[in-house]
Amino acid sequence: MRSRAAINPKFGIVLKVMIHFVLLISRQGKVRLTKWYSPYSQKERTKVIRELSGVILTRGPKLCNFVEWRGYKVVYKRYASLYFCMCIDQDDNELEVLEIIHHFVEILDRYFGSVCELDLIFNFHKAYYVLDELLIAGELQESSKKTVARLIAAQDSLVETAKEEASSISNIIAQATK
Amino acid sequence: MGSSIMDSLFQRSLEDLIKGIRLNLLTEPTFISKSTDDIRREIKSTDLHTKSVALQKLTYLSALYGLDMSWAAFHVVELMSSSAFAHKKIAYLAAAHSFHAATDVSLLTTHQFRKDLNSANPFEVSLALHCFSIIATPHLARELTPEIFTLLSSSKPSIGKKAVAVILRVFSQYPDAARVCFKRLVENLESSDPHTLSAAMGVFCELAVKDPKSYLPLAPEFYRILVDSRNNWVLIKAVKIFGKLAPLEPRLAMRVVEPICEYMRKTGAKSLMFECVRTVVTSLAEYESAVKLAVVKIRELLVDDDSNLKYLGLQALTVVAPKHLWAVLENKEVVIKSLSDADPNIKLESLRILMVMVSERNVAEISRVLVNYAIKSDPEFCNEILGSILSACSRNVYEIIEDFDWYVSLLGEMSRIPHCQKGEEIEHQLIDIGMRVKDARLQLVRVGRDLLIDPALLGNPFLHRILSAAAWVSGEYVEFSKNPFELMEALLQPRISLLPPSIRAVYVQSAFKVLIFCLHSYLFYRETIACSPSSPDNFVSESKCPGSDSAIVAADCQQDEVFNPRASNQSFEDASTEDVEDITVTHAQIPNSASLGKDGFTHESIGNLLNLIEVALGPLSGSREVEIQERARNVLGLIELIKQELPGLVKKEGNFEREGLKFPKIIELMHDAFSKELGPVAANAQERVPIPDGLILRENLGDLEMICGNDQLPTSSSFSFGIPHSKEKVGLPQSKGESSEASTESTSLLAEHRKLHGLYYLPSEKNDVSNDYPPANDPKLQDNLNDDAKDLVKLTEQSLLQKKKPNHAKPRPVVVKLDEGDEAPIAAKKLELKEDLLSGAVRDVLLGNEAVSTSQSNLTDKSSSKRRGKEKLNTDHPSGPKEVLGDVGNPNMGNPSSRRSKHHGHGKERRHRSPRKKEKEREENGQKDKQKSSHRHNRHKSRQRAEGPNNVVTQTPLIPDFLL
């Protein structure tokens, strides 16, 4: 088994991360979340998504959750109508990544309260912040659901207060007449 | 200003946008582009809230719909500096999503990052860390190293662990950061906070994968964690790290094998168990007991219902297989059953294991069963199977093939599998074997004939490449053919109009070779039968054609003239036209005599042959494809010439040498030209061609395209008097004797075909040849796969357990190999400068000689190694091009008549060289090689010297006492 680092020919940067990217794709092929830990240009990103959704969505149920792809391995798991995909190197631990995916879903579930695809559609940015508490630089960083929930809630309240300030009519008028 | 208020008050929120997109499903693109226009306006707003909403929408569109947002980079930077956390959050998300190394405004973020990393608000710090971990550039990494350093020992664990994770990115961008931060990173291995420890192990795991050697000194730390930790995530990382370190230090391997086995036995977590298994089979394969335990665990995985575990089990087995074949044997039923699994990935994995097991003694059986299996599989997997058989069998110049007759037949059989799409590879191997293995040629010609003669195959475009190879082989080695006339008919059948022009050209050229062979054999036959009784007429006839000799000489420099019908008409005006007509008439009356062919080359059969060719190729002489046209015209020209002389031959059953007839000589010469051996050409043959004076290789090669294009034009039927006669006189083929056992099946196909198309293949029919033939090889009845699986089980039972090599009746035929690697030269290895720098820095820190090497010295090291890299590239360069443009050392190079037409694209050449010359050349090559190798050696030395300082450091004892 070989190890391959992500090499982006355009930038020539050699990076070694565990998870190269995270994708959430709906059963109909709609993209619900993309997070890139290795450098990919916008064009490459679109291509990756197209290729992978072609491969993964056509796989039947009960097949294994790993797909070999361009020398990498993509670990995916379907929860209800959503496919959660993470791309790792050949010699990384697939089962561990499956656990990470499950963990992510559990945290989302806890945060949104029995999460469904619509939650992620309308709270797209929140899903990112949840993911950020789970992974950093392509590495797992937190394994307690409780802590993640607490951190996200605290951030949310920070945002809410700021928003209220900003969106008040008086504020807007003050801005405009400055 | 007014518009700004309007924007603020009536701006669509992200939610509005999402709802809008969902409502306008059908007109999504227009809706999105309209929204983008709104965003472009809104984002310029002075109101930060409006700006932030616009940016949030843009990020959404970019992340999910692939919209380009690089144009908004500056607005992102603006918003990052907002004091409101909500804005900052949106801006950092946008930056993490859209910035990359080439985003120049990222220079402007340095200050903002510094401010936020030092912020008292842990959420701001965390935002900055997240973004930094993705978009850090060398510049940012260098500037912010002090901040990250401070955060590494943050009192808040939630920040500390993030800083630890980010360090990986910092090191990759700015290796010198290791001099500052590495010690503190190591301290985190002793952190009381489990998350920080986990993050640190994650970082070390990734670092160790890249460059394990540098982290050997930390082995005691890792060992302590391996033994003490109860956290599965951490343990997986620890096991992984030791998987990298153990191969470097045997004592370390001895030490860790026990705890790893312990985890393998006891842990309930499948992920940890699998990591242990994988580590044991990849890195600790010498420890018999550990491997045994691992194989037991693999077996558990294999029989599990969970397809994930099954897949991983198969993968682990693939790794064990080369060193411990018994592990595969123990599990062979499972492996073979997996070949019919529902999951294509699992099928593929088990196919890989099977191919790992292939060896000389079982290749035939495994291939047989796999081919049968392929027939029943879906197209994709079928081609996977064929592909792996082809690559396994051709490995190292057909290393594992003992019986080439078998293998060639297998290739033929594979071509007939309905889903076969491996035409290119099979084509290559057929020709390659033809050139390398003399003993296989007879079988090659047989297989080629069977392929050519089957009209149904022509309808399958995937087979065209194979047919091209079959045609080439049949033409080149026609002396092995049982029945050249039949071959000729196959090559000229009307359905070849289905082939692409390039392949039809090969067909025509092969037909030409077959024709020359037939004529030559005919003449030879006559010569032996009607030996001496020469009539006085012969002497008279000599004086009749005074121009013949000069015509042949003319052929040397311009062969076209000879074959130009008009020219030949002029020089042989006296040949009686009456007789020619006569003969054609008589021949038309004897149908099918050509195909009898058993006892060979009668006058009638030759006449028939000529007619057949004329009728079939006549229309092609007007083809719009130059290759076909030119080759067809060459053949027709020759035939015309022969037809005029043929009557003379009939009448005077005598020694035509003295009759002064021209064509026997021509035939003789062309036959000689065609019977020269073609050999394989080394991929680096070009290297040996001396560069002619005045040729500048580094010039722009664009202009060459025209010249190279010309090269592809046919220069068929070229021959010259200048070359020495072939060493090898091919007489009548020995295969003639055994022609009785001609295969019945395809002959009957041909007969059927003849019935369909009448005696002669009329040109008018060509256009309306329809695809009414049944597809090649209808898939056999779909037997159920289980039967086949059973078959396979049986197979391996026999072949794998059989330890002894069976005695082969036939010794393995000689396979021509070239001295200097057949494979394309391996590209020069890239130097990973940054990594070198990083490991250098890490070693310096770990071994405590920071004082010695400063970043300055590293810089010079970098530049020198860069230079070395360049040098290497230059010296390796000439081995790059594979194409052989011309014959080495041929004095006639450039003279069109010396260039023989090649079956294009197969990159081989006919060598017109005397043996002595060859030997001399070999000597020269040897010398060159020596020079080269010594040169390489020198280079290597100098590199070692240059890397001296680093190496000296690493040579010091790395593993502390605890191991000893």
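Chain B has the name AP-3 complex subunit delta in an unreviewed UniProt entry, where Vitis vinifera is given as its organism. Listed under Subunit (unreviewed entry) in UniProt, the entry text for chain B is "Adaptor protein complex 3 (AP-3) is a heterotetramer." Listed under Sequence similarities (unreviewed entry) in UniProt, the entry text for chain B is "Belongs to the adaptor complexes large subunit family."

In the annotation of an unreviewed UniProt entry, the entry for chain A reads AP complex subunit sigma, and the organism field reads Vitis vinifera. UniProt lists a comment for chain A under the heading Sequence similarities (unreviewed entry), and it reads "Belongs to the adaptor complexes small subunit family." According to UniProt, the comment filed for chain A under the heading Function (unreviewed entry) is "Subunit of clathrin-associated adaptor protein complex 1 that plays a role in protein sorting at the trans-Golgi network and early endosomes (TGN/EE). The AP complexes mediate the recruitment of clathrin to membranes and the recognition of sorting signals within the cytosolic tails of transmembrane cargo molecules."

## Some points on the pattern of salt bridges
Residues and elements named next belong to chain B. One pass over the full model with this rule turns up 41 salt bridges over all chains. A salt bridge links glutamate 333 to lysine 332; the shortest N-O distance between them is 3.9 Å. Note on glutamate 333: relative accessible area 33%, which makes it partly exposed. On the accessibility criterion, lysine 332 (9% relative accessible area) is buried.

## Re the interface of chain A and chain B
Facing the 70 residues of chain A at the interface are 78 residues of chain B. The contact between chain A and chain B buries some 6,700 Å² in all, and 60% of this surface belongs to carbon and sulfur atoms. Across the chain A-chain B interface, the total number found is 8 salt bridges. When the shortest N-O distance is used, the salt bridge between lysine 30 of chain A and glutamate 28 of chain B registers 3.2 Å. There are 24 residue pairs in polar contact (both at pLDDT 80 or more) connecting chain A and chain B. Looking at which element gives the most residues to the side of chain A that touches chain B, the answer is helix H5 (residues 145–167) of chain A, with 10 residues. Here the residues of the side of chain A that touches chain B are counted per class, giving 38 nonpolar, 12 polar and 20 charged.

## Quick notes on the environment of glutamate 258 of chain B
All names here are of chain B. Along the chain, the position of glutamate 258 falls in helix H15 (residues 250–266). Judged by relative accessible area, glutamate 258 falls into the partly exposed class, the value being 44%. Sequence separation of glutamate 258 and serine 289 is 31 residues, and the distance between their C-alpha atoms is 10.0 Å.

## A short note on the environment of isoleucine 49 of chain A
Residue and element names in this part refer to chain A. On the secondary structure map, isoleucine 49 appears in helix H1 (residues 42–57). For the pair isoleucine 49 and lysine 30, spaced 19 residues apart in the sequence, the C-alpha separation amounts to 9.9 Å. Filtering out sequence-adjacent residues up to four positions away, isoleucine 49 remains in contact with Leu23, Val31, Thr34 and Trp36.

Reading guide: rules and limits
Residues numbered from 1 in each chain as written. Chains lettered and ligands numbered in written order. Predicted model: local features only at pLDDT ≥ 70, side-chain atom pairs only at ≥ 80, totals over all residues. Heavy atoms only, no water. UniProt positions renumbered as here; feature names shortened; annotations may be inferred. Salt bridge = Lys/Arg side-chain N within 4 Å of Asp/Glu carboxyl O. Buried < 20%, exposed > 50% of the residue type's maximum accessible area, 1.4 Å probe, protein only. Contact = heavy atoms within 4.5 Å. Buried area = accessible area lost by both parts, 1.4 Å probe. Polar contact = N/O pair within 3.5 Å; in protein donor to acceptor, adjacent residues only side chain to side chain. Helix = DSSP H or I, 4+ residues; strand = E, 2+ residues; numbered from the N terminus. Nonpolar A, V, L, I, M, F, W, Y, C, P; charged D, E, K, R; others polar.

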